[in-house]
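# Observations on the three-dimensional arrangement
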Amino acid sequence: MKNKPNLAVVGATGLVGGTFLKVLEERNFPYERLYLMASAKSAGSKIVFRGNEYLVEELTEHSFDKPVDIALFSAGGGTSEKFSPIAAKNGAVVVDNSSAWRMDANVPLVVPEVNPGEIAKHKGIIANPNCSTIQAMVALKPLYDRYGIKRVVYSTYQSVSGTGLKGIRDLEEGLKGNDLNIAYPHPIAGNCLPHIDVFLDNGYTKEEMKMINETHKILGDDKIAVTATTVRVPVLYSHSESINVELEKPFELEELRALLAAAPGIVVVDDPAKNEYPLARAAAGRDEVFVGRIRRDFSVENGVNLWVVADNIRKGAATNAVQIAEKLLEIL
Ligand SMILES: NC(=O)c1ccc[n+]([C@@H]2O[C@H](COP(=O)([O-])OP(=O)(O)OC[C@H]3O[C@@H](n4cnc5c(N)ncnc54)[C@H](OP(=O)(O)O)[C@@H]3O)[C@@H](O)[C@H]2O)c1
């Protein structure tokens, strides 16, 4: 790949797509040409990027007839299922944010701090993991490498921006006393909904199974016992997670804390005496994963509890995808 690729952003008018553009600009991502794509609904609208005005074009089967090297997709699973293979067939490498390809054995599922080596194995499509999985993986990888992991219990507190623009609207209107319920089956203002994505036959939600399956795939270890309860909370940006981990080997708490503090992409915020711990509002707009409340779980052997917070639109989506694109530039 040439070092100034032609870029396409598919879903450019959405919450994640808009953040793709922001992150590409902030990181000064090199490019030759930029194509912005969305549905027929916003075709013809204009977006300013690095001082230039770009026309949003409708995504069609012919959108990739022109040379595109990297296509950043965030336009939903159905769109990705149909159009990612077309883009890849025409020579683009797709970095896809939807869940369409994540568990496909031929598609690398990548968190650059955790398994960057997978990127080179792509066959035209690379998947960005689920937002709640990405931040958990950044926090768990150093512990996995040093101590091994036997079991993980995830309990999440996920922001409404995880549902895109309509989730934000539901909360903002709900707080004014006007429950729209366009994103959720119940009012989100004043509620915690233990329901993210659809319910499956096993009683879990799809979001919960994504966290379980993607943890196995990214760490390359199906033996880890994983369970999850994912909850939507009335917070605008950033997902918070309680992660209870049973390690394979004994650990010293101070060593474990130092490992986390030294790991790429992590900021440890953990000073309970000063009321300091990771918070959603402080993480919003940042690219790091914040880890705190690091403490021994006395109820099991080798147990530890973590509180992990990250901006779901940035590290949980756009930043992670742009980091993958940066690695693509390095290796291709
Ligand atoms: N929000 C998150 O935290 C998050 C995190 C990780 C991954 N994701 C994934 O990223 C994707 C987008 O999420 P979002 O939050 O940005 O949603 P969003 O704000 O609702 O934006 C959706 C985008 O997709 C476009 N789109 C919809 N249908 C299309 C079609 N048939 N052809 C072309 N473009 C189409 C929309 O274009 P129009 O303006 O024309 O409708 C819009 O640009 C989803 O797959 C989601 O699962 C979201």
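Structural data are supplied above this passage.
The structure contained in this document is the topic of the report that follows. As the structure is a computational prediction, the values presented were derived from the model and not from experiment.

Let's shift gears to the sheet that holds strand β4 (residues 52–58). With mixed pairing, the seven strands of this open sheet are ordered in space as β3-β4-β2-β1-β5-β6-β7. Two strands in the sheet have a free side with no partner beyond their single neighbour: β3 (46–49) and β7 (125–127). In this sheet, neighbouring strand axes are inclined to one another by 25° on average, regardless of whether the strands run parallel or antiparallel. Here strand β1 (residues 7–10) pairs with strand β5 (residues 70–73) via four bridges, running parallel.

What follows is about helix α8 (residues 314–331). Helical geometry note: an α-helix holds 3.6 residues per turn, so side chains three or four residues apart project in the same direction. At N320, α8 shows its largest bend, some 35°. Every buried residue belonging to α8 is among R314, K315, G316, A317, A318, T319, N320, A321, V322, Q323, I324 and A325, and all of these are buried.

This part takes up the environment of A317. Its location among the elements puts A317 in helix α8. Separated by 221 residues in the primary sequence, A317 and D96 have C-alpha atoms spaced 9.5 Å apart. Beyond its immediate chain neighbours, meaning those up to four positions away, A317 contacts V16, T19, S74, N97, N128, C131 and N312.

Attention now moves to the packing of helix α1 (residues 15–26) against α8. Two numbers describe how α1 lies on α8: the axes approach to 9 Å, and their chain directions differ by 50°. By the criterion of interaxial angle, the relationship of α1 to α8 is oblique. Note that α1 runs across α8; the crossing there is right-handed. Only R314, A317, A318, T319, A321 and V322 of α8 make contact with α1, whose side of the interface consists of V16, T19, F20, V23 and L24. Classifying every residue of the contact of α1 with α8 by side-chain character gives eight nonpolar, two polar and one charged.

What counts and how
Residues numbered from 1 in each chain as written. Predicted model: local features only at pLDDT ≥ 70, side-chain atom pairs only at ≥ 80, totals over all residues. Pairing = 2+ DSSP bridges. Helix = DSSP H or I, 4+ residues; strand = E, 2+ residues; numbered from the N terminus. Axes fitted to C-alpha atoms, helices over the stretch in contact; angles between N-to-C directions. Bend = angle between axes of the 7 residues up to and from the residue. Buried ≥ 20, exposed ≤ 12 C-beta atoms within 10 Å, placed from the backbone. Contact = placed C-beta atoms within 7 Å. Parallel < 35°, antiparallel > 145°, perpendicular 65-115°, else oblique. Left-handed = near helix turned anticlockwise from the far one by under 90°. Nonpolar A, V, L, I, M, F, W, Y, C, P; charged D, E, K, R; others polar.

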